[in-house]
Amino acid sequence: MENDPALAIEVVGLEKTYAGSKNSPPKTALRNVDLTVERGAFFGLLGPNGAGKSTLINILAGLVTKTAGEARIWGHDIERDMRAARRSIGIVPQEINFDPFFTPWEMLDVQAGLYGIEKKHRRSDEILEAVGLAGKRDAYSRSLSGGMKRRLLVAKAMVHSPKILVLDEPTAGVDVELRRQLWRQVRKLNDDGVTILLTTHYLEEAEELCDKIAIINHGQVIACEPTEQLMQRMDSKALRVVVDRDLDGVPEALSRDYVVEQRSERVLLFSYAPSRVGAGEILTAIGAAGLGVVDVSTREAELEDVFLSLTSDADESGAGAPGPTATDDHAA
Ligand code: ADP
Ligand code: MG
């Protein structure tokens, strides 16, 4: 392992503008993106639809050509050292795209052939076993369930034993049980030393799996931090309380200690940091202020809140993280 690089992926100043056509203007999908993924990491690239996640992945995969900037995979430049770069990475694409008439075993065998792996070194059965598809070895791939197809894509990406596995929104539209199954498998690969780069638009997924998260929006990386640190910054919840009588303003006993807004005659909205204040404490305070509680609901931070809090942090400090620009024409 002495010769393994410290960085599995290194992206510097990466830009991508898709050429326009008669009916659509050019589209800039990545703006000056810097990103480093350390060897052995489980790294998350989190962002809403249209943020540029697949564009970045597809540049690394050699499927999309960059407009400017540099990228290295396992130390190999994706242009100058393309073959070595491609050998180091396995990509699980966002779209399921394989020939439905091949069996899983045949598909892996063909893929191994594409990578020039000699017959005696092919591990198709072992890989099928690892993704729980040994029993489907000789079935038609079109007969597989959606979850099995996903796992077959993971298997296909692992045929050449890459150091890095990239998964582009592997669980979008997948049900909870299959999602958990896939999470377990990918986690196991990471435990075995494979560096993982996962893109997702689910905050919960990134939080659950990744040890570091970069957030991308409108083609720009607006945050990149260890997961725990990022979650602390998003330590924010809302508690909506319906009380038993009409209010004429927020009682002073409450406004003194809490961030609270009156939303309608009987509705109060508390904003609080769950790491410091419990919802129970707030409810007790409401009782102490002489009000009865009729109904309560809470809301977790969502991806949208994350963007809001990150961009407002930047506003306050007057530095870093620019928000979306006025020229951006798409809604995420
Ligand atoms: P994500 O994977 O985060 O949803 P994408 O990388 O697919 O985002 O897309 C980023 C932006 O680039 C979007 O605005 C998308 O419409 C645009 N885009 C993606 N692929 C192409 C393409 N082949 N031609 C033109 N625009 C594209
Ligand atoms: Mg995508």
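Residues numbered from 1 in each chain as written. Chains lettered and ligands numbered in written order. Predicted model: local features only at pLDDT ≥ 70, side-chain atom pairs only at ≥ 80, totals over all residues. Heavy atoms only, no water.

### Some words on the overall build of the chain
Move 1: A count of helical and extended segments in the chain gives eleven helices and 14 strands.
Move 2: Its C-alpha atoms give the chain principal-axis dimensions of about 80 × 50 × 45 Å.
Move 3: When burial is assessed residue by residue, the chain has 44% of its 332 residues classed as buried.
Move 4: Within the chain, contacts between residues separated by at least 24 positions form 69% of all contacts whose residues are at least 6 apart in sequence.
Move 5: Of the accessible surface of the chain, which amounts to about 17,200 Å², a share of 48% is contributed by carbon and sulfur atoms.
Move 6: In the chain, which carries 39 positive and 51 negative side-chain charges, the distance between the mean positions of the two groups comes to 8 Å. (Helix = DSSP H or I, 4+ residues; strand = E, 2+ residues; numbered from the N terminus. Buried < 20%, exposed > 50% of the residue type's maximum accessible area, 1.4 Å probe, protein only. Contact = heavy atoms within 4.5 Å. Areas by Shrake-Rupley, 256 points an atom, 1.4 Å probe, with all protein chains shown as cover. Lys, Arg positive; Asp, Glu negative; His and termini not counted. Charge placed at Lys NZ, Arg CZ, Asp CG, Glu CD.)

### A few points about the sheet that holds strand β6 (residues 89-92)
Move 1: What the six strands build is an open sheet, ordered β6-β7-β8-β3-β9-β10; its pairing is mixed. Two strands in the sheet have a free side with no partner beyond their single neighbour: β6 and β10 (220-226). Adjacent strand axes in the sheet meet at a mean angle of 15 degrees, parallel and antiparallel pairs treated alike.
Move 2: The sheet contact formed by strand β9 (residues 212-217) and β10 spans six bridges and is antiparallel. Its bridge partner being in β10, Ile216 is matched across the sheet by Val221.
Move 3: The strands touched by helix α5 (residues 146-157) are β6 and β7 (164-168); relative to β6, the strand with the most contacts, the crossing angle is about 165 degrees.
Move 4: Packed onto the sheet, helix α6 (residues 176-191) meets β3 (42-46), β7 and β8 (195-200) and runs at close to 150 degrees relative to β8. (Pairing = 2+ DSSP bridges. Axes fitted to C-alpha atoms, helices over the stretch in contact; angles between N-to-C directions.)

### Some thoughts on the pattern of salt bridges
Move 1: Across all of its chains, the model carries 19 salt bridges by this definition.
Move 2: For Glu126, the salt bridge goes to Arg123, with nearest N and O atoms at 3.0 Å.
Move 3: Since its relative accessible area comes to 48%, Glu126 is described here as partly exposed.
Move 4: Judged by its relative accessible area of 30%, Arg123 falls in the partly exposed class.
Move 5: Ionic pairing is found between Arg137 and Asp138, a salt bridge with its closest N-O pair at 3.0 Å.
Move 6: Using a relative accessible area of 28% as the deciding quantity, one classes Arg137 as partly exposed.
Move 7: A residue is classified by how much of its surface remains accessible, and Asp138, at 54% relative accessible area, is exposed.
Move 8: Beyond isolated ion pairs, a larger network of salt bridges with shared partners links Arg180, Arg187, Glu204 and Glu208. (Salt bridge = Lys/Arg side-chain N within 4 Å of Asp/Glu carboxyl O.)

### So, the pairing of β7
Move 1: The element β7 is largely enclosed, with a buried count of five among its five residues.
Move 2: Across the two faces of β7 the burial is the same, with Ile164, Val166 and Asp168 and Leu165 and Leu167 all buried.
Move 3: Where β6 lies against β7, four bridges are found, and the strand directions are parallel. Within β7, the position partnered with Gly90 by the bridge is Leu165.
Move 4: With five bridges joining them, β7 and β8 adopt parallel strand pairing. The partner of Asp168 across the bridge, within β8, is Thr199.

### Looking at the environment of Leu30
Move 1: By secondary structure assignment, the location of Leu30 is in strand β2 (residues 27-38).
Move 2: The class for Leu30 is buried, based on a relative accessible area of 0%.
Move 3: Separated by 100 residues in sequence, Leu30 and Ala130 place their C-alpha atoms 35 Å apart.
Move 4: Excluding residues that lie within four positions of it along the chain, Leu30 makes contacts with Leu14, Glu15, Lys16, Gly52, Thr55, Leu56, Ile59, Ile216 and Gly219.

### Quick word on a nonpolar patch on the surface
Move 1: A surface patch of nonpolar side chains, amounting to about 360 Å² of accessible area, comprises Phe102, Val110, Leu114 and Tyr115.
Move 2: Position of Phe102 among the secondary structure elements: in the loop between β6 and α3 (104-114).
Move 3: The exposure class assigned to Phe102 is partly exposed, which follows from its relative accessible area of 32%. (Patch = residues over 30% accessible without salt bridge, like charges linked within 9 Å, V, L, I, M, F, W, Y side chains within 5 Å.)

### So, the coordination of the magnesium ion (ligand 2)
Move 1: For the magnesium ion (ligand 2), the full set of protein donor atoms is Ser54 (OG) and Gln94 (OE1), and the range of their distances to it is 2.1 to 2.2 Å. With Ser54 in helix α1 (residues 53-60) and Gln94 in the loop between β6 and α3, this residue pair connects regions lying 40 residues apart in the sequence.
Move 2: By relative accessible area, Gln94 is classed as partly exposed at 28%. (Donors = N, O, S within 2.8 Å, 3.2 Å for Na, K, Ca; no water.)

### Topic: the side chain of Arg151
Move 1: Considering the arrangement of structural elements, one finds Arg151 in helix α5.
Move 2: One buried charge, Arg151, has no salt-bridge partner; the nearest side chain with opposite charge is Glu177, at 8.8 Å.
Move 3: In terms of polar contacts, Arg151 uses its side chain to reach the backbone carbonyl oxygen of Val131, at 3.1 Å. (Polar contact = N/O pair within 3.5 Å; in protein donor to acceptor, adjacent residues only side chain to side chain.)

### Overview of the site of ligand 1
Move 1: Taken together, twelve residues lie around ligand 1, and Gly50, Gly52, Lys53, Ser54 and Thr55 are the ones closest in.
Move 2: Note that an oxygen atom of ligand 1 is positioned 2.9 Å from one of the side-chain N or O atoms of Lys53.
Move 3: Ser54 is positioned with one of its backbone polar atoms (N or O) 2.9 Å from an oxygen atom of ligand 1.
Move 4: With the chains in place, 64% of the 560 Å² that ligand 1 exposes on its own is no longer accessible.
Move 5: The class makeup of the residues in the shell around ligand 1 is four nonpolar, six polar and two charged. (Near = heavy atom within 4 Å. Nonpolar A, V, L, I, M, F, W, Y, C, P; charged D, E, K, R; others polar.)

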